[in-house]
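Each chain, written out:
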Amino acid sequence: MHAPIQNSEVAALHESPVLPQIEFSSVTKTYGKVTAVRDLSMTVSRGEFLTILGPSGSGKTTTLMLLAGFEAPTAGDILIAGRSVAAVPSYRRDQGIVFQSYALFPHLTVTRNLEFPLEMRGINTAERTTRVRRMLERVHLSDLGGRMPSQLSGGQQQRVALARALIADPPFLLLDEPLGALDRNLREQMQIEMKSLHKEFGITTVCVTHDQEEALTLSDRIVVMRAGRIEQTDSPEALYDRPATRFVAKFLGEANIFENHNFKIESEAEQPSGTVAMIRPERICIVATDAGKRGDGDLRQFVTGIVDDMIYAGPLRKYHVRVGSSVFIVREHVAARQPIFRPGDGVCLNWLRSDIRFVAT
Ligand SMILES: Nc1ncnc2c1ncn2[C@@H]1O[C@H](COP(=O)(O)OP(=O)(O)O)[C@@H](O)[C@H]1O
Ligand SMILES: [Mg+2]
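Residues numbered from 1 in each chain as written. Chains lettered and ligands numbered in written order. Predicted model: local features only at pLDDT ≥ 70, side-chain atom pairs only at ≥ 80, totals over all residues. Heavy atoms only, no water.

Student: Report on the nonpolar core, specifying residues and quantitative values.
Tutor: Judged by nonpolar contacts, the single largest core of 32 residues is most densely connected at Leu 114, Val 160, Leu 162, Leu 175 and Met 194. Sorting the residues of this core by element identifies helix H3 (110-120), helix H4 (125-138), helix H5 (154-166), strand E7 (172-176) and helix H6 (184-201) as the ones contributing at least two each. By residue number, the principal contributor to this core is H5, which donates six residues. With near-sequence residues (within four places) excluded, Leu 162 lies in contact with Val 98, Leu 175, Met 190, Met 194 and Leu 197. Residues Ile 78, Ala 81, Phe 172 and Val 206 belong to the second largest nonpolar core, which totals 24 residues. (Core = buried A, V, L, I, M, F, W, Y, C linked by side-chain atoms within 4.5 Å. Buried < 20%, exposed > 50% of the residue type's maximum accessible area, 1.4 Å probe, protein only. Helix = DSSP H or I, 4+ residues; strand = E, 2+ residues; numbered from the N terminus. Contact = heavy atoms within 4.5 Å.)

Next comes the structure, spelled out in C-alpha cells:
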C-alpha cells in the first residue's frame, strides 16, 4: 500500500522531477454490474500530452473522472509523484478541467469567468486583472472580455474554457472531448491552438477523445482503450505504423486485413501465430495491369485485380479493388500524370514486402 498524501503536500509533489507525474496502478471501477475500467495501469510524465482514445463506452470519461477525483476507484490506486491521492478531494487536486460542454458560467462575463479560479485561490484584484488581460491576449479574445458566454461562437467559448482552465497555472490539465462540439474547420484550428498552448505552458495534459485524427495530431503518446482495458500505448507514429492488434489497426485509420485471400503473403518477417497480415491503404500502389514491374520489383509483391469502385475525395482517390474473393482499399494522393481507373478496369496492385504488418486477432 502507498502512504496517503496530506492535502498540503500536493503542490510540492507536482515539483518532483524524477517520478511520473501521474500513475494509475491496477485501477478498476465498477458501477453495479458494469466494469467501466478494468485493471488499468499507466503513467503520465511531466509535460506530456497524453490522449486516451477509444470508442464510446470504452471507459475514457470514467478514467478521467477517477483522475479528477470525481469518482473513487473500486480497486487499485492513483498516485501523483508516487503518493496516493485517494484521500485528496477533487477541489484540492488543483487541476484545470475542460469538458465537452464548455460549462462557462452563463451569468458571468468572459472576464469574470476567467477571474473566478483566481478568486478561489485568494489572488488579489490587481494580480487578477493583469493575469486575465494577459490570458485574453494569449487566446486572441482581448476585445471580448465584456461579453456574456451566450454572445460568443462555439470556438470562442471553447477558447474561454481553455483559458479558464489554464489561468491558475494548474499542475495538470484534464480535457474530455474538448473539441467535440465544434465543426470540422474550427476543430482543426483549435487543435493547432491547443498544441501551441501546450507547448507554451508545458503543462501535463490528459485528453480524452474518440476522434483518431485529434489524437494523432495532439498527442505525445496515445492510450487506446477498449471495453475498459488498455489495448495499446504508444506514440502516434508507432500506433499508426505498428498497431499491435486488429482493433487498433482498424480504429486508427483504415486497414486491409489479409483474410480469405487466395495468394500467399510475402513478407520480410515470419508471421507470428495468432496474427493476421495487414497493410495500410496508402502503402499500396495501383497501376495498369500492363504497366510492368517497377525497378524495386524484387522488394515488392504484385497481385492483379479488378476495380470495383473509385471514390473521389478531394486530394485523395480511394479505390476498392477485387482480388479473388477479397476487396482491397487503396488510397492514392491525386497527382498529375496519374492514370484514373474506373470500375471494371484491370489493375495491378503492389506493395513493399516490408510494409506488411502482423496484428493480433
Ligand atoms: N455513473 C455510471 N453509472 C453506471 N454506469 C456507468 C456510469 N458511468 C459510466 N458507466 C458505464 O461505464 C462504461 C464506460 O463509460 P464511459 O467511461 O463514460 O465511456 P466513454 O467515455 O469511453 O464513452 C459504459 O458502459 C457506461 O455505460
Ligand atoms: Mg466519454
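Anyway, onward from the coordinates.
Student: So, the sheet that holds strand E18 (residues 357-360): which residues are in play, and what are the values?
Tutor: Reading across from one edge, E11-E12-E18 is the order of the three strands in this open sheet, with antiparallel pairing throughout. On the outer flanks of this sheet lie strand E11 (256-257) and E18, each paired with one strand and no other. As paired strands, E11 and strand E12 (residues 275-279) are joined by two bridges and run antiparallel to one another. Counterpart to Ile 257 in the pairing with E12 is Met 278. (Pairing = 2+ DSSP bridges.)

Student: Quick rundown of the pattern of salt bridges? Include the residues and the values.
Tutor: The full count for this structure, using the stated rule, is 24 salt bridges. Note that Glu 188 is salt-bridged to Arg 184, the shortest N-O span being 3.7 Å. Here the residue Glu 188 and the residue Arg 184 both occupy positions in helix H6, the gap between them amounting to four residues, near one helical turn. When its relative accessible area of 32% is taken as the criterion, Glu 188 is described as partly exposed. (Salt bridge = Lys/Arg side-chain N within 4 Å of Asp/Glu carboxyl O.)

Student: Outline the sheet that holds strand E13 (residues 285-288), listing residues and values.
Tutor: Read across the sheet, five strands follow the order E13-E17-E14-E15-E16 without closing on themselves; strand pairing throughout is antiparallel. Two strands close off the open sheet at either side, each with one partner strand: E13 and strand E16 (326-333). Ignoring which end each strand starts from, the neighbouring axes of this sheet average 45° apart. (Axes fitted to C-alpha atoms, helices over the stretch in contact; angles between N-to-C directions.)

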